Amino acid sequence: MNHPYSWIEDSLKTLHRANWYRRVKTIQGRGGAVIELEGRSLINFASNDYLGLAADERMIAAAIAATQRYGTGSTGSRLLSGHRDLHRDLELAIASFKNSEDAIVFSSGYLANLGTITCLVGQKDLILGDQYNHSSLKNGAKLSGATVKEYRHNSLEDLENQLLAHRHHYRHCLLLTDTVFSMDGDICPLAGILALAEIYNCMVLVDEAHATGVMGENGTGCVEYCGCQGRELIQMGTLSKALGSLGGYVTGNAKIIDFIRNRAATWIYTTGLSPADTAAARMALEIIRLEPERRQRLHQNINFVKSKLNNLNILPSEAAILCLPVANPGQALELSQKLLEKGIFAPAIRPPTVPTSRLRFTAMATHSLAHLEVLVQSIGESFPT
Ligand code: PMP
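Rules of the game
Residues numbered from 1 in each chain as written. Predicted model: local features only at pLDDT ≥ 70, side-chain atom pairs only at ≥ 80, totals over all residues. Heavy atoms only, no water. UniProt positions renumbered as here; feature names shortened; annotations may be inferred. Helix = DSSP H or I, 4+ residues; strand = E, 2+ residues; numbered from the N terminus. Buried < 20%, exposed > 50% of the residue type's maximum accessible area, 1.4 Å probe, protein only. Contact = heavy atoms within 4.5 Å. Domains from an automatic or database assignment. Buried area = accessible area lost by both parts, 1.4 Å probe. Salt bridge = Lys/Arg side-chain N within 4 Å of Asp/Glu carboxyl O. Polar contact = N/O pair within 3.5 Å; in protein donor to acceptor, adjacent residues only side chain to side chain. Nonpolar A, V, L, I, M, F, W, Y, C, P; charged D, E, K, R; others polar. Near = heavy atom within 4 Å. Areas by Shrake-Rupley, 256 points an atom, 1.4 Å probe, with all protein chains shown as cover.

Colleague: What exactly am I supposed to notice about the UniProt feature "modified residue: N6-(pyridoxal phosphate)lysine" in the chain here?
Modeller: Here the UniProt-annotated "modified residue: N6-(pyridoxal phosphate)lysine" positions come out as Lys-241. With respect to the helices and strands, Lys-241 occurs in the loop between strand 9 (234-238) and strand 10 (248-252). Looking at Lys-241, the relative accessible area reads 15%, which means it is buried. Not counting chain neighbours up to four residues away, the residues in contact with Lys-241 comprise Asn-48, Asp-49, Tyr-50, Ala-209 and His-210.

Structure, rendered in structure tokens:
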């Protein structure tokens, strides 16, 4: 008889054969625009630290001060012994930043999506989600027990056709979409989605993970960027990308947030965010408010790269994520390796993370013009047109 775990080795071999196998890479020291990776100094185009806050001295000082005052861990779930004044202070600051009535912070963005979706819908309900939504939205949908259907990426026509066909069979309906798509960098047609939600009586949860701190006049996200502030919807985001910390948030009206606080298992049954992460995220909001020039610099950097690479098939993007599609996983790995040899860190993104292989570059406010020029030149040499 086979050993009960032997299939795992076979499965790993299959991953290797398909070029789907993943290996962790160790970055030494602080992250940033330039990193030390396995003994090499590389310009980093793989970070979600869009504003360069994760290594900011003020963030570090805030985390240290909170650790000294409150200790290293929250030591309990928020409803038991894990709640501190700094948690609520952060939630109120997020609510004000996002122009929402209230907010709740989770230990990660992934948990925020799982917890929120599973408490909003159940077996009698319908979820309609964009086919390219983040894994946390898709898994939250699965876990909820609702009937889950996907509409074609950013297609309002397909969304409306599916609403017409299915909405009336279900009690509640929840529409799910990333605002900035994490692997393509494009933006959802938010105004159209909200209009359909109104007609078909649906709730809407948008994932602002890659938009928070990046998009909109005040950097509050795509809801602002798309002119949809003040509309009835639920927004989530992460504290771990432009905010340079760790954790996730959900904002909405006070009743919705109160309901989540009472029903979301991934909030109730897990330890509260650590004091250090909470204080760092709070400091990030302050820096974002005081230093809009960081966001302006980020967009200058994005526009510079896009304008220099406009002869390539870069996917259209207004956000800090730029994608260059390639033919297959092997080619993606080969091109990523070529760039590595030229001092650039830009990972190959392959199935099953995405349906088709690509190189993905993320811009940071802290990239210098010289960093961007190296990127553009290296891509030019590696992808002859
Ligand atoms: N949503 C999206 C669109 C994301 O890209 C991510 C992180 N990759 C998450 C949610 C999860 O956020 P976190 O890393 O805070 O768990």
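Read on, since the account is not over.
Colleague: Got a minute to help me understand the domain arrangement of the chain in this structure?
Modeller: Frequently, the measure chosen for interface size is the accessible area removed from exposure when the parts meet. Each assigned domain of the chain is listed with its residue range as follows: domain 1 (25-53 + 291-380) and domain 2 (55-288). Placing the centre of domain 1 and that of domain 2 at their C-alpha centroids yields a distance of 26 Å. On the domain 2 side, the residues contacting the 28 residues of domain 1 number 30 residues. Both faces considered, domain 1 and domain 2 share a buried interface measuring about 2200 Å² in area, 54% of it formed by carbon and sulfur atoms. For the pair domain 1 and domain 2, the interface holds four salt bridges. Of the charged contacts, one joins Glu-57 and Arg-30 as a salt bridge, the two residues approaching to 3.1 Å between their closest N and O atoms. Between domain 1 and domain 2 we count 14 residue pairs in polar contact (both at pLDDT 80 or more) in total. For the side of domain 1 that touches domain 2, the secondary-structure elements that each account for two or more residues are helix 12 (292-308), strand 11 (321-325) and strand 14 (358-362). Examining the composition of the side of domain 1 that touches domain 2, we find that five residues originate from one element, helix 12, more than from any other. Considered class by class, the residues forming the side of domain 1 that touches domain 2 number 14 nonpolar, six polar and eight charged.

Colleague: I keep staring at the site of the ligand and nothing clicks. Help me out?
Modeller: Every one of the 14 residues lining the ligand counts as a neighbour, but Gly-109, Asp-207, His-210, Thr-238 and Lys-241 are closest to it. Taking Tyr-110, its main chain carries an N or O atom lying 2.9 Å from an oxygen atom of the ligand. Between an oxygen atom of the ligand and a side-chain N or O atom of Thr-238, the distance comes to 2.6 Å. Burial of the ligand by the protein chains amounts to 83% of its free accessible area of 390 Å². When the residues that make up the shell around the ligand are grouped by side-chain class, the tally is two nonpolar, nine polar and three charged.

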